[in-house]
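# Geometric and topological summary
One letter stands for each residue in the lines below.
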Amino acid sequence: MKKICKIAVLSFVVSMLLSGLTGCSAQDKMELLNAFEKTAGIRSYENHSSYEIQDITLDSTMDEAALIEPFVSMLQGLKMDIHQKVSQNDEQTILKGQVDMAVSLLGTTENTSIWMDYDFTKVPQRMRGIIKIPASAVGMIPGTEGGQEYLVMDESIVEQAEDLAPAVDTGSAESVKNLQTQILDMVKQYAINEDPNFVVVSQLPDRTINGEKHKVYQLKLTDTSLKALMKYIAAEVPQDDSTKEMLKEFIMTALMMTEGTEVGMDLNDTFEKFRDGTTTFGQDLNKTLEAFDDITMLGDQGIVIDYIINSQGYIVRQDGVIDLFMSTQQVDDALEKLSPTGNYPESNKSEFLEATATFGLKFSSETSRINENIIIEFPTLTPENSINFSDIGDFAATRAKALKQQAINKKAPSGLESIQVSSNIIKYNIKPIIIGKYVMLPLEQSCKNLGVTYKKNKNGSYSISYDKKTIGFKSGSNQITVNKALATLNLPVTKVENRLFVPKEFFERYLDASVMLNKKDNTAAVFRK
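Residues numbered from 1 in each chain as written. Predicted model: local features only at pLDDT ≥ 70, side-chain atom pairs only at ≥ 80, totals over all residues. Heavy atoms only, no water.

### Let's talk about the sheet that holds strand β18 (residues 462–466)
One open sheet holds the 5 strands; their spatial order is β17-β18-β19-β20-β21, and the pairing between them is antiparallel. The sheet terminates laterally at β17 (454–456) and β21 (485–488), the two strands that pair on one side only. Pairs of neighbouring strands in the sheet enclose a mean axial angle of 25°, with direction left out of account. In this structure, β18 lies alongside strand β19 (residues 469–473), joined through 5 bridges in antiparallel fashion. Within the sheet, the bridge partner assigned to tyrosine 462 lies in β19 and is phenylalanine 473. Along the sheet face, helix α12 (residues 443–450) touches β17, β18 and β19 and points at about 145° away from the line of β17. (Pairing = 2+ DSSP bridges. Helix = DSSP H or I, 4+ residues; strand = E, 2+ residues; numbered from the N terminus. Axes fitted to C-alpha atoms, helices over the stretch in contact; angles between N-to-C directions. Contact = heavy atoms within 4.5 Å.)

If you want it as structure tokens, here you go:
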């Protein structure tokens, strides 16, 4: 029953968004819907998309927010450029594709590529993916210490995963196509029959691109129109028998693909109650929408997407902006209204009370070479330049075992050697771990030698206060914050036998310390400069 409810909610959301087409004339509705349908059936294409975060903010009075704010600020201005090439057969059972991605952040650009090769008609089925590891991650991922730059994922991953659905066959692929057809038929029928009396999608003047005239449709949602559309769908769907029947068929197909035919009786019973009004689904939904009336979900720009359709009826370009807004106080107030007692427990309220967040995204997507012969060139793989994804666990276990053994073996000598710094005698009493060319020092003992304390925060992160500096970090990450500014270590903070180890640069750069190694006994001294 839970799966039925989840799919029903998903179907409701899909219908809600696409029913915005009812703001167009009947001809415009069908023209845009036909373009969606035709574009979904494209066999091969190239696509270039770009995404840019224009505005992202977090405003909170909570102390823990100070650790998050630097990461939020870091995302400001993030840009992603994605170039795709895809080639598949008409049945969508054989696919080859390549995705080249460039991510620009904080003045640097990281590049990666992904190749896909699926063939569900073969026995056994072929399903392989190759990821080009970003240059900054080579050496950090277990198994890439030798400079391996490709990560390979193949059928063995699926065979080892116990919680994945059964392997896809040609019958399942056909079911997917039938499901897509049902969705489009449902939306078409609903768009033709219903009219909310307000415009969500409108036709704009034609646009000439490379000498060819293109039709342009614009989807525009404000915070007010989004809520109005949600309420309209909530009120109309329960009253329309044909829409409910199409929704039932759609959910039945989706469930049978994953759960089998035994869900039929349960589904029929649920829809009969929905049809005759014996379920409170509609009332509960309306109550929820009313409670969320005072929640602002979209910023001033709202959601605006331009769909550009060529003379062949394909959507060849999309340009848009998405402006989101969230206030945890507004969410908590709405949940309090929905509480049966009218008193929402304090323990359930948001950790960041009175926090507000904004997120603005600008994007564009252009598709070309539709249904042409697209050639996908795969990289040549060797044991020297690639590792298999399924082997990472073994590599990680081997690395952890080696680190653990190093920590056990590196015992300080019985007669500690020392050095003299000014009038102080400094002992080599710290047992480091060596990873390649990097030296990792135990955090607790090193801080103790420096007279510096660190604490663990409620969210699992750690912080150190020293000389007007506040340094925040987490186990397993090489990203730290220094007075809210983001910084990167050569290696991530690592936990070995419940002890935190950090690169020696951590102390040299941010705690004004010196580190000296005694190579004879493999010990280290940490002291103030």
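### Things to note about empty space enclosed by the protein
Counted by the stated rule, this structure contains 1 cavity of 30 Å³ or more. Considering only enclosed or pocket space, the largest cavity measures out at about 50 Å³ in volume. If you go around the largest cavity, the residues you meet are Lys227, Met230, Lys231, Leu289, Phe292, Asp293 and Met297. No other element matches helix α6 (residues 223–236), which puts 3 residues into the lining of the largest cavity. Across the lining of the largest cavity, the residue classes tally to 4 nonpolar, no polar and 3 charged. (1 Å grid on protein atoms, 1.4 Å probe; cavity = no way out; pocket = protein on both sides within 12 Å on 5 of 7 lines; lining within 4 Å. Points joined across faces, edges and corners; volume = space filled by probe spheres on them. Nonpolar A, V, L, I, M, F, W, Y, C, P; charged D, E, K, R; others polar.)

### Regarding helix α10 (residues 328–338)
Within α10 the residues assigned to the buried category are Thr328, Asp332 and Ala334. When α10 is viewed along its axis, its buried side chains cluster within an angular range of 160° and face the same direction. (Buried < 20%, exposed > 50% of the residue type's maximum accessible area, 1.4 Å probe, protein only. Arc of directions from axis to C-beta.)

### What to know about α12
When α12 is considered as a whole, its buried residues turn out to be Leu443, Ser446, Cys447 and Leu450. Projected down its long axis, α12 carries its buried residues within an arc of 100°, all on one side. Seen from the buried face of α12, the exposed residues on the opposite side, beyond 90 degrees, are Glu444 and Lys448. Once α12 finishes, glycine 451 follows within two positions and takes phi at roughly 75°, a positive value.

### A word on the side chain of asparagine 385
Position of asparagine 385 relative to the elements: it lies in the loop between β11 (356–368) and β12 (386–388). Looking at asparagine 385, the relative accessible area reads 16%, which means it is buried. Within the local environment of asparagine 385, its side chain forms a polar contact with the backbone oxygen of threonine 380, the two atoms lying 3.0 Å apart. (Polar contact = N/O pair within 3.5 Å; in protein donor to acceptor, adjacent residues only side chain to side chain.)

### With respect to the packing of aromatic side chains
For the coordinates displayed, the defined rule picks out 9 aromatic pairs. Aromatic pair tyrosine 51 and phenylalanine 363: ring centres 6.3 Å apart, planes at 25°, arrangement stacked. Of the two residues, tyrosine 51 is situated in strand β1 (residues 44–59) and phenylalanine 363 in strand β11; the sequence distance between them amounts to 312 residues. On the basis of relative accessibility, which here comes to 29%, the residue tyrosine 51 falls in the partly exposed class. When its relative accessible area of 13% is taken as the criterion, phenylalanine 363 is described as buried. Clustering of aromatic rings is evident, with ring pairs tying together Tyr454, Tyr462, Phe473, Phe506, Phe507 and Tyr510. Cation over ring: lysine 38 sits above tyrosine 314, and NZ or CZ is 4.8 Å from the ring centre. (Phe/Tyr/Trp six-rings, centres within 6.5 Å; stacked < 30°, edge-to-face > 60°. Lys NZ or Arg CZ within 6 Å of the ring centre and 35° of its normal.)

### Here we look at the pattern of salt bridges
Within this structure, the stated rule accounts for 9 salt bridges. The residue lysine 227 makes a salt bridge to aspartate 223 at a minimum N-O spacing of 2.9 Å. With lysine 227 and aspartate 223 both in helix α6 and 4 residues apart, this pair spans about one turn of that helix. As a salt-bridge pair, glutamate 366 and arginine 317 come within 3.0 Å of each other at their nearest N and O atoms. One end of the pair, glutamate 366, is in strand β11; the other, arginine 317, is in strand β10 (residues 315–327), and 49 residues separate them in sequence. Within the structure, one salt-bridge network assembled from shared partners comprises Glu46, Arg369 and Glu372. (Salt bridge = Lys/Arg side-chain N within 4 Å of Asp/Glu carboxyl O.)

### Some words on the sheet that holds strand β16 (residues 438–442)
Read across the open sheet, the 4 strands follow the order β15-β16-β23-β22; overall the sheet is antiparallel. Every interior strand has two partners, whereas the edge strands, β15 (433–435) and β22 (494–496), have only one. Taking the axes of each pair of neighbouring strands and ignoring which way they run, one obtains an average angle of 35° across the sheet. For β15 and β16, the ladder comprises 3 bridges, and the chain directions are antiparallel.

Geometry only, nothing functional implied.
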